[in-house]
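# Survey of secondary and tertiary structure
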Amino acid sequence: MNRRSFIKNTGVASLGIGLNIDKTFSSSNQKDVDPIVIATWDVKNATNKAWKVISENGSSLDAVELGCMVEEANKNGQSVGIGGLPDREGNVTLDACIMDHQGNCGSVVYLQDIKHAISVARLVMEKTPHVMLAGDGAKKFALSMGFQQENLLTEKSKNDWIKWKESEQYKPIINIENHDTIGMLAIDKNKNISGGCTTSGLAYKMQGRVGDSPIIGSGLFIDNEIGGAVATGLGEEVMKTIGSFLVVELMRQGYSPDEACKTAIERIIKKPGSDYKNFQVGYIALNKKGETGSHAIQRGFSMTKYDKTGNFNIDSPYFHKQG
Ligand code: ASP
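This structure is a prediction, so every number in the text was calculated from the model and none was measured. (Residues numbered from 1 in each chain as written. Predicted model: local features only at pLDDT ≥ 70, side-chain atom pairs only at ≥ 80, totals over all residues. Heavy atoms only, no water.)

### So, the sheet that holds strand 5 (residues 182-187)
On the basis of which strands lie adjacent, the open sheet formed by 8 strands has the order 4-3-2-6-5-1-11-12 and mixed pairing. Because the sheet does not close on itself, it has two edges, and the strands there are strand 4 (132-134) and strand 12 (310-315). Within the sheet, the average angular offset between the axes of one strand and its neighbour, ignoring direction, is 10 degrees. Judged from the 3 bridges that link them, strand 3 (residues 105-111) and strand 4 form a sheet pairing that is parallel. By the bridge assignment, V109 is partnered in strand 4 with A134. (Pairing = 2+ DSSP bridges. Helix = DSSP H or I, 4+ residues; strand = E, 2+ residues; numbered from the N terminus. Axes fitted to C-alpha atoms, helices over the stretch in contact; angles between N-to-C directions.)

Laid out in structure tokens, this is it:
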């Protein structure tokens, strides 16, 4: 029995819950699909890089890694890579993960002093028998792979942190500037889907805190037969609902990417006692047909999409209209 027939035979449908598993998706009847890249937030330089890779016959895995690296190297971005806002003690700590079309994945958590967390995550996937490396072990591995150590705390982020320390009031910031975590999904010319996700996490988090972004299934999930999804926003809420996996599973049941993202957002909002008015979560999704979608709790989230028609930033639909 292969994996697909196992899912069909033992999935929730066979328990009588009535979900229409795999009603729309079958790798065998897939029509031609054009390459595409989507990313969380307004990151046209990053999607531009990724598009260049896939339009020159590169793989979706290379595309998402190189695309994410653009923002990791951008000192002015305060939520990813160098320039990321620190934790309460002033440490910049990075979380990232990557997943390929074969379901392989790699992840780093609490990585310090190495800006390209996405590339370290890829090497965890490719060069180790593990999925996730944390903290000192992740850094030691990165150094052994030739990465250079550098101070990731820029003057601007240091000054913002010093200012924050005057009040030390911790509240999740709903949208940092024009972007937070960078999550990227791509389909290449071989119709293979990959995804990546990279972040410095929540600004002024407790020391040691790890968010959703490096957690496979929460911050990112890819199933090459169905599609992919990636999350941004308050990671604790994404983790409690295993958000990206949920979006992909909803697409497996026949939901469009838009409907799947919306339903996953509603899952957070409808939780008893949900404080959703005070935090942001956004999802973007891509299915095997190349259809895309997004949804957020609050106004201000957007998706960047690069396909054969161009590189566009698209405002996301959102739930909380009074924000
Ligand atoms: N999801 C990230 C985290 O919780 C942060 C973000 O997207 O702003 O670490």
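### Things to note about the pattern of salt bridges
Scanning all chains against the criterion turns up 17 salt bridges. Of the charged contacts, one joins K44 and D42 as a salt bridge, the two residues approaching to 3.2 Å between their closest N and O atoms. Taking the relative accessible area as the measure of exposure, K44 reaches 34% and is therefore partly exposed. We classify D42 as partly exposed; its relative accessible area is 26%. The closest approach of N and O atoms between R122 and D62, which form a salt bridge, is 2.6 Å. Of the two residues, R122 sits in helix 4 (residues 117-127) while D62 sits in helix 3 (residues 60-72), which places them 60 residues apart along the sequence. On the basis of relative accessibility, which here comes to 28%, the residue D62 falls in the partly exposed class. A single network of salt bridges, built from pairs that share partners, joins D62, E65, R122 and E126. (Salt bridge = Lys/Arg side-chain N within 4 Å of Asp/Glu carboxyl O. Buried < 20%, exposed > 50% of the residue type's maximum accessible area, 1.4 Å probe, protein only.)

### A closer look at the pairing of strand 7 (residues 220-223)
Every regular strand shows the same layout, with side chains that alternate between the two sheet faces. The two faces of strand 7 match: L220 and I222 on one face and F221 and D223 on the other face are all buried. Relative to strand 8 (residues 227-233), strand 7 runs antiparallel, the two being bridged by 4 bridges. Bridge pairing in strand 8 links F221 to A229. Taking the residues that link successive antiparallel strands as the turn, the strand 7-strand 8 hairpin has 3 residues.

### Considerations on the sheet that holds strand 9 (residues 281-287)
Spatially, 4 strands are ordered 7-8-9-10 in an open sheet, and the strand pairing comes out antiparallel. Every other strand in the sheet has two partners, leaving strand 7 and strand 10 (292-296) as the edge strands with one partner each. Each neighbouring strand pair of the sheet contributes to a mean axis angle of 10 degrees, computed without reference to strand direction. Here strand 8 pairs with strand 9 via 7 bridges, running antiparallel. Looking across to strand 9, one finds that A229 is bridged to A285. Taken strand by strand, helix 8 (residues 243-252) contacts strand 7, strand 8 and strand 9, and its axis lies near 145 degrees from that of strand 8. (Contact = heavy atoms within 4.5 Å.)

### Observations concerning helix 6 (residues 155-167)
Residues of helix 6 that are buried: S157, W161 and W164. One side of helix 6 carries all its buried residues, which in axial view fall inside an arc of 60 degrees. Across from the buried face of helix 6, at angles greater than 90 degrees, the exposed residues are E155, K163 and E166. The first or second residue beyond helix 6 is E168, which carries a positive phi of 50 degrees. (Arc of directions from axis to C-beta.)

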